[in-house]
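Descriptive analysis of the structure
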Amino acid sequence: MIIADQHTHSTFSTDGISTLEEMVKGAIEKGIEILCVTEHMDFDNHYYLLPSFCEEFPGLSQAQCQTLFMCDTDAYCDASFSLKDKYRSQIDLRFGIELGLRPDLDFSYSDYVKKYPFDFVIGSTHEVEGIDPYYKEFLKGRDAVSAYRVYFQNEILNAKACIDSFDVFGHIDYALRYHVPEGYVFNYSDFSDEIDTLLKILIDAGKGIELNTGGFKYFKTEPNPRIPIIRRYRELGGEIITVGSDAHSSTAIAGNFGKAADILKECGFKYYSVFKNRTPKSYLL
Ligand SMILES: [Zn+2]
Ligand SMILES: [Zn+2]
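The structure displayed is predicted, hence computed values, not measured ones.

Cut-off values and rules
- Residues numbered from 1 in each chain as written.
- Chains lettered and ligands numbered in written order.
- Predicted model: local features only at pLDDT ≥ 70, side-chain atom pairs only at ≥ 80, totals over all residues.
- Heavy atoms only, no water.
- Axes fitted to C-alpha atoms, helices over the stretch in contact; angles between N-to-C directions.
- Helix = DSSP H or I, 4+ residues; strand = E, 2+ residues; numbered from the N terminus.
- Parallel < 35°, antiparallel > 145°, perpendicular 65-115°, else oblique.
- Left-handed = near helix turned anticlockwise from the far one by under 90°.
- Contact = heavy atoms within 4.5 Å.
- Nonpolar A, V, L, I, M, F, W, Y, C, P; charged D, E, K, R; others polar.
- 1 Å grid on protein atoms, 1.4 Å probe; cavity = no way out; pocket = protein on both sides within 12 Å on 5 of 7 lines; lining within 4 Å.
- Points joined across faces, edges and corners; volume = space filled by probe spheres on them.
- Donors = N, O, S within 2.8 Å, 3.2 Å for Na, K, Ca; no water.
- Tetrahedral: all angles 85-135°; square planar, octahedral: opposite > 155°, others 65-115°.
- Buried < 20%, exposed > 50% of the residue type's maximum accessible area, 1.4 Å probe, protein only.
- Arc of directions from axis to C-beta.

**Comments concerning the packing of helix α7 (residues 192-204) against helix α9 (residues 227-235)**
Where α7 contacts α9, the two axes come as close as 10 Å, and the packing angle between them is 45 degrees. One element, α7, and the other, α9, form an angle in the oblique class. When you trace α7 past α9, the crossing you get is right-handed. Touching I195, D196, L199 and I203 of α7 are I229, R232 and Y233, all from α9. Here the contact of α7 with α9 is built from residues that sort into five nonpolar, no polar and two charged.

Dropping the structure here:
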């Protein structure tokens, strides 16, 4: 059994549903030994300008929307360390963050991650050309494969620019989660140049990827990233892989972790990684 969930959000993230303490209690109920909460921190996002983003947050000014996905990290840090103490005998609560990467944010993020005692930092791509692929505007004016290719190309730029700021690269095929044309079938070969390049950058820098079981909600039988990407990371020599549910509520913690373990073994992994003080430790699958 995988004992650590390392991608979760509480109400310190704008889209979180459960409080941090509810997340801790939920993880204890599920029998998880290590919970790493990774709140959203998207510096200076541009996707707040999208009409569909504003519709989701009615009544807020543009200035308020602009900072929605920025975490109040001082408050989050205080709450996290106090709950870590309170529940010490029942669970190991770890302090993480999920950065919304962008090439021009390299220095902002490298300063930011040095300021706080993070156990674990996920680097994710939530914005491409000013658009979060969560919103329908992402596909506007282009076919899906072209849009997904642009996403992977942006991940390469983000990985290169922000390589010092994160430990693992989040949900590599996030762009394929939300707006997928009827009948679309993912073909690794459509994106092999981009994804191979990205994976090699990560491996050369000693960075990991994650298996994000949130993907099962959208792909049914596969996590994020899809299985061929996980297998390719291993084939290229990648060893650091974390497992996270991307739970935004306490009930979703550790979702599909049994399937995750099976997939990792099928892809050639013997271990998964768990981070503490920004350092990975291997656990047998
Ligand atoms: Zn994310
Ligand atoms: Zn997330």
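**Let's talk about the side chain of R226**
Mapping R226 onto the fold places it in the loop between α8 (216-219) and α9. If we skip the residues at most four places from it in the chain, R226 touches D173, L176, F186 and F219.

**As for the layout of surface pockets**
Here the largest pocket defines a volume of roughly 580 Å³. Lining the largest pocket are 30 residues, with D15, R177, Y178, Y218 and H248 sitting closest to its centre. Grouping the amino acids of the lining of the largest pocket by side-chain chemistry returns 10 nonpolar, 12 polar and eight charged. Estimates place the volume of the second largest pocket at around 160 Å³. Among the elements of the structure, β8 (271-276) and β9 (279-284) are those that each provide at least two residues to the lining of the second largest pocket. Among the elements that make up the lining of the second largest pocket, the one with the highest residue count is β8 (three residues).

**Section: the coordination of the zinc ion (ligand 2)**
Coordination of the zinc ion (ligand 2) by the protein comes from H7 (NE2), H9 (NE2), E98 (OE) and D246 (OD), over a distance range of 2.1 to 2.5 Å. If you look at the zinc ion (ligand 2), its four donor atoms make angles of 78 to 168 degrees with each other, and the shape they trace is irregular. Ordering the donors of the zinc ion (ligand 2) by residue number gives the pattern H-x1-H-x88-E-x147-D. Here the zinc ion (ligand 2) and the zinc ion (ligand 1) are spaced 3.4 Å apart, and both take E98 as a donor. Taken together, the residues span a long stretch of sequence, with H9 in the loop between β1 (4-5) and α1 (20-29) and E98 in strand β3 (residues 92-100) at a distance of 89 residues. Overall, the relative accessible area of 0% leaves H9 in the buried class. The buried category is assigned to E98, whose relative accessible area is 1%.

**What about the coordination of the zinc ion (ligand 1)?**
For the zinc ion (ligand 1), the full set of protein donor atoms is E98 (OE), H126 (NE2) and H171 (NE2), at a range of 2.1 to 2.2 Å. Motif for the zinc ion (ligand 1), donor spacing along one chain: E-x27-H-x44-H.

**Side note on α1**
Structural remark: α-helix, 3.6 residues per turn; residues separated by three or four positions point the same way. Buried within α1 are the following residues: L20, M23, V24, G26 and A27. The buried residues of α1 all sit within an arc of 165 degrees when viewed along its axis, so they share a single face. One or two positions beyond α1, positive phi appears at G31, with a value near 80 degrees.

Functional significance is not addressed by these values, which are geometric in nature.
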